[in-house]
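# Summary of structural features
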Amino acid sequence: RSVDVVFNATHGQFGEDGSLQQILDSFAIPYTGSGATASLHGMNKFLAKTAFKTSGLHTPAFAVVDREEDLNAAAVSIYKKIAPPYVVKPVSAGSSVGVSIVSDFHHLASAIEFAAKFSPKVLVEEYIKGKEVTVGIIDNFRNQKTYALPVVEIIPESRHKFFDYEAKYNGATREVCPANINIETKRRLEEAARAAHQSIGARHYSRTDMIITPRGKIYVLEINTLPGLTED
């Protein structure tokens, strides 16, 4: 009870999903990062994407599957609504754990089953091809209520299909900052990151992952209320 403030660096489950925040709130201990509700929304990809859509942001089409469902029937239902390829991921997990990219219908059910090992619910979304970027946000910085940091382009090694767990932490992924994009696109990315931050009620800081299509359309993928603290 004598703690002045908790600097929360507990990334992922428990530390980032609102659980630790609820405990600290119950003892009226101030802490860095988003509150319990915003943390829950940031960690839960379905809640986050719903908030993005409500705020008018573009996000890939998606469906949610419960692991208790008939996964083959669920795969058929999704195939009728969303064309392949797909990104299949646990609804509540971080660091790309349990994520697969599926190029056709035949592997969809097995990918859902794999993701369900990490979360009771699985998110299946359309795969958007393009340049992957991320934008950090800091509140009340440089005389701005919601300040956008420089856009970072993420370039995994060619052997990685996407920015998966290994690519995140093996140190080989190139992170180009500032990203090689035009000013107009940069401004739109910054606005999208601000809107994502505000859509879930995040505070202090966040980082939003996005894709820019070859035609310049921006899709918001996920928001991280407690960005990873890696050695790099």
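Structure shown above.
Here goes a summary of the coordinates provided. All values derive from a computational prediction rather than experimental measurement.

### Observations concerning the pattern of salt bridges
- In this structure the tally under the stated criterion is eight salt bridges.
- Between Lys 89 and Glu 125 there is a salt bridge whose closest N-O contact spans 2.9 Å. Taken together, the positions of Lys 89 in strand E2 (residues 86-90) and Glu 125 in strand E4 (residues 121-126) put the pair 36 residues apart, joining distant regions of the chain.
- The exposure class of Glu 125 is buried, given its relative accessible area of 2%.
- Here Glu 190 ties to Arg 187 by a salt bridge, and the two come within 3.3 Å at their closest N and O atoms. Linking Glu 190 with Arg 187, this pair stays in helix H7 (residues 183-199), spanning three residues, or about one helical turn.
- Judged by its relative accessible area of 44%, Arg 187 falls in the partly exposed class.

### Looking at the packing of aromatic side chains
- Taken as a whole and judged by the stated rule, the model has four aromatic pairs.
- Judged by centre distance (6.1 Å) and plane angle (70°), the rings of Phe 46 and Phe 62 are edge-to-face. Highlighted residues: Phe 46 in helix H3 (residues 45-54) and Phe 62 in strand E1 (residues 62-66), separated in sequence by 16 residues.
- The class for Phe 46 is partly exposed, based on a relative accessible area of 36%.
- For the pair Phe 114 and Phe 118, a centre-to-centre distance of 5.4 Å together with 80° between the ring planes defines the contact as edge-to-face.
- The side chain of Arg 203 reaches across the aromatic face of Tyr 31, ending 4.8 Å from its centre.

### Here's the deal with helix H2 (residues 36-43)
- The set of residues buried in H2 consists of Ala 36, Ala 38, Ser 39, Gly 42 and Met 43. Looking straight down H2, one finds that the buried residues subtend no more than 165° of arc, so they occupy a single side.
- Against the buried residues of H2 lie helix H1 (19-26), H3 and strand E10 (218-224).

### Some thoughts on the pairing of E1
- With burial as the criterion, only one face of E1 is covered, namely that bearing Ala 63 and Val 65; the residues Phe 62, Val 64 and Asp 66 on the opposite face remain uncovered.
- Across five bridges, the pairing between E1 and E4 is antiparallel. Paired with Val 65 across the two strands is Val 122, which belongs to E4.

About the cut-offs
- Residues numbered from 1 in each chain as written.
- Predicted model: local features only at pLDDT ≥ 70, side-chain atom pairs only at ≥ 80, totals over all residues.
- Heavy atoms only, no water.
- Salt bridge = Lys/Arg side-chain N within 4 Å of Asp/Glu carboxyl O.
- Helix = DSSP H or I, 4+ residues; strand = E, 2+ residues; numbered from the N terminus.
- Buried < 20%, exposed > 50% of the residue type's maximum accessible area, 1.4 Å probe, protein only.
- Phe/Tyr/Trp six-rings, centres within 6.5 Å; stacked < 30°, edge-to-face > 60°.
- Lys NZ or Arg CZ within 6 Å of the ring centre and 35° of its normal.
- Arc of directions from axis to C-beta.
- Contact = heavy atoms within 4.5 Å.
- Pairing = 2+ DSSP bridges.

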